[in-house]
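# Report on the structure
So the chains spell out like this:
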Amino acid sequence: ELVQALAHLRLLNNLMDDLSLLTVLRGPLYQLSEEELGQIRLFKPDVKASFLEAMMAASTSMPPAAIGKRCRSILSELEKERFLQQNMPLDEYLWDFFTRSGLYRLFGLAPGGKQRQANLQMLCHQAGEFVARRGGSLHDFLESITSSQGIHDGKSPTLLGPNENVVRIMTIHKSKGLEFPVV
């Protein structure tokens, strides 16, 4: 889930990033098969051409093939996402993207779904903290994420509920202690 989210952000930061583009295309959002990716690549087989150039060539092919229509749709969606990302605070954009695209729900249905969703929430929270501290540059946020501290800064989101069998340590005022049978 974090690999997909960061690949999406890297792609919005730089559409020419072939690795991020392929990660997003193969991921749960677009689910392109290897065969479809191969068909797209054949529109620009030159080794020096980027995959984005191959997608653009496929999207403008005449007569339009099914894969060309799909490329046109994906490129249009990416442009829309770039516009939204540039015009919204980063944390708000991320949460909006996760919910609007259905990725938050999809990762919640996967094995370990609650932890996956907590990881996505943590990413949004870190984006919010980053925006509050340093401003909203996507490039700078991605640089801070790939720094030595990593995405969670050594923290992992916890999934404890109020009825978990754990010891809780609290500091309380003496009048608050009256609510508990034993203090």
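Whatever comes next refers back to the structure up there.
Here the structure is a predicted model, which means the values were calculated and not measured. (Residues numbered from 1 in each chain as written. Predicted model: local features only at pLDDT ≥ 70, side-chain atom pairs only at ≥ 80, totals over all residues. Heavy atoms only, no water.)

### Notes on empty space enclosed by the protein
Keep this limit in mind: Both cavities and pockets are sets of points on a 1 Å grid over the protein atoms alone; in a cavity a 1.4 Å probe fits but cannot get out, in a pocket the set is open with protein on both sides within 12 Å along at least five of seven lines, and lining residues sit with an atom within 4 Å of a point. Grid points are joined across faces, edges and corners, and a volume is the space filled by probe spheres set on the points. Throughout, the ten residues Ala, Val, Leu, Ile, Met, Phe, Trp, Tyr, Cys and Pro are labelled nonpolar, Asp, Glu, Lys and Arg are labelled charged, and all others, Gly among them, are labelled polar.
Using the criterion set out here, one finds one cavity of 30 Å³ or more in the structure. As a volume, the largest cavity reaches approximately 50 Å³. Around the largest cavity, the lining residues are Gln4, His8, Val24, Pro28, Leu29, Phe97 and Leu103. Residue composition of the lining of the largest cavity, by class: five nonpolar, two polar and no charged.

### Structural notes on the nonpolar core
Quick note on the threshold: As used in this record, nonpolar core signifies buried Ala, Val, Leu, Ile, Met, Phe, Trp, Tyr and Cys residues forming a set joined through side-chain atoms within 4.5 Å. Exposed residues in this analysis have more than 50% of their type's maximum accessible area, buried residues have under 20%, and partly exposed residues fall in between, with area computed by a 1.4 Å probe over protein chains only. To qualify as a helix, a DSSP run of H or I must reach at least 4 residues; to qualify as a strand, a run of E must reach at least 2; elements of each kind are numbered from the N terminus. In this description, contact between two residues means that some pair of their heavy atoms is separated by no more than 4.5 Å.
Core analysis: the largest hydrophobic core is formed by 22 residues, its most contacted members being Leu9, Leu94, Phe98, Leu120, Leu123 and Phe141. Of all elements in the fold, only helix H1 (2-13), helix H6 (90-101), helix H7 (103-109), helix H8 (113-134) and helix H9 (138-145) reach the threshold of two or more residues within this core. Filtering out sequence-adjacent residues up to four positions away, leucine 9 remains in contact with Leu90, Tyr93, Leu94, Leu138, Phe141 and Leu142. Ala7, Leu25, Phe51 and Leu75 belong to the second-largest nonpolar core, a separate cluster that totals 20 residues.

### What to know about the environment of glutamine 39
On the secondary structure map, glutamine 39 appears in helix H3 (residues 34-41). Spatially, the C-alpha atom of glutamine 39 lies 7.6 Å from that of isoleucine 67, the residues being 28 residues apart in sequence.

### Topic: helix H2 (residues 18-26)
Note the threshold: This arc describes the spread of directions from the helix axis toward the C-beta atoms. Polar contact is the term for a pair of N or O atoms within 3.5 Å; when the atoms are in protein, one must be able to donate a hydrogen and the other to accept it, and sequence-neighboring residues count only if both atoms are side-chain atoms.
Of all the positions in H2, only Ser20, Leu21, Val24 and Leu25 are classed as buried. Projected down its long axis, H2 shows its buried positions confined to an angular sector of 130°, all on one face. The elements touched by buried residues of H2 are H1, H3, helix H4 (51-59) and helix H5 (66-86). Its side-chain oxygen 3.3 Å from the backbone nitrogen of leucine 19, aspartate 17 forms the N-cap of H2.

### Digging into the side chain of serine 50
Along the chain, the position of serine 50 falls in the loop between H3 and H4. By relative accessible area, which is 8% here, serine 50 ends up buried. Those residues in contact with serine 50, other than ones at most four positions away along the chain, are Met16, Asp18 and Arg41.

### Quick word on the packing of aromatic side chains
To describe a pair of aromatic rings, one takes the distance between the centres and the angle between the planes. Stated precisely, the cut-off is as follows: Geometry of aromatic contacts follows a simple scheme: Phe, Tyr and Trp rings, the Trp one being its six-membered ring, pair when their centres are within 6.5 Å, and the pair is stacked under 30 degrees between planes, edge-to-face over 60, tilted otherwise.
Counted according to the given criterion, the structure contains four aromatic pairs. Relative to phenylalanine 98, the ring of phenylalanine 97 lies with its centre 6.0 Å away and its plane at 50°, an arrangement referred to as tilted. Taken as a pair, phenylalanine 97 and phenylalanine 98 share a single burial class, namely buried. In this structure an aromatic cluster arises from ring pairing among Tyr93, Phe97 and Phe98.

### Section: unusual backbone geometry
Even without a glycine there, the phi angle at glutamine 31 is positive, about 50°. Tracing the backbone shows glutamine 31 in the loop between H2 and H3. On the accessibility criterion, glutamine 31 (57% relative accessible area) is exposed.

### Points about the environment of glycine 135
Relative to the elements of secondary structure, glycine 135 occurs in the loop between H8 and H9. Glycine 135 gets classed as partly exposed once you look at its relative accessible area, which sits at 26%. Separated by 46 residues in sequence, glycine 135 and proline 89 have C-alpha atoms that sit 9.0 Å apart.

### Remarks on H5
Spelled out, the test is: Expected helix span is given by 1.5 Å per residue-to-residue step, counting one fewer step than there are residues.
The terminal C-alpha atoms of H5 lie 31 Å apart, and with 21 residues this matches the ideal 30 Å at 1.5 Å per residue to within 8%. Residues Ile67, Gly68, Cys71, Ile74, Leu75, Leu78, Glu81 and Gln85 constitute the buried set of H5. The buried residues of H5 occupy an angular sector of 145° when the element is viewed end-on, so they sit on one face. Every exposed residue of H5 that faces more than 90 degrees away from the buried side is listed here: Ala66 and Phe83. On its buried face, H5 is in contact with H1, H2, H3, H4, H6 and H9.

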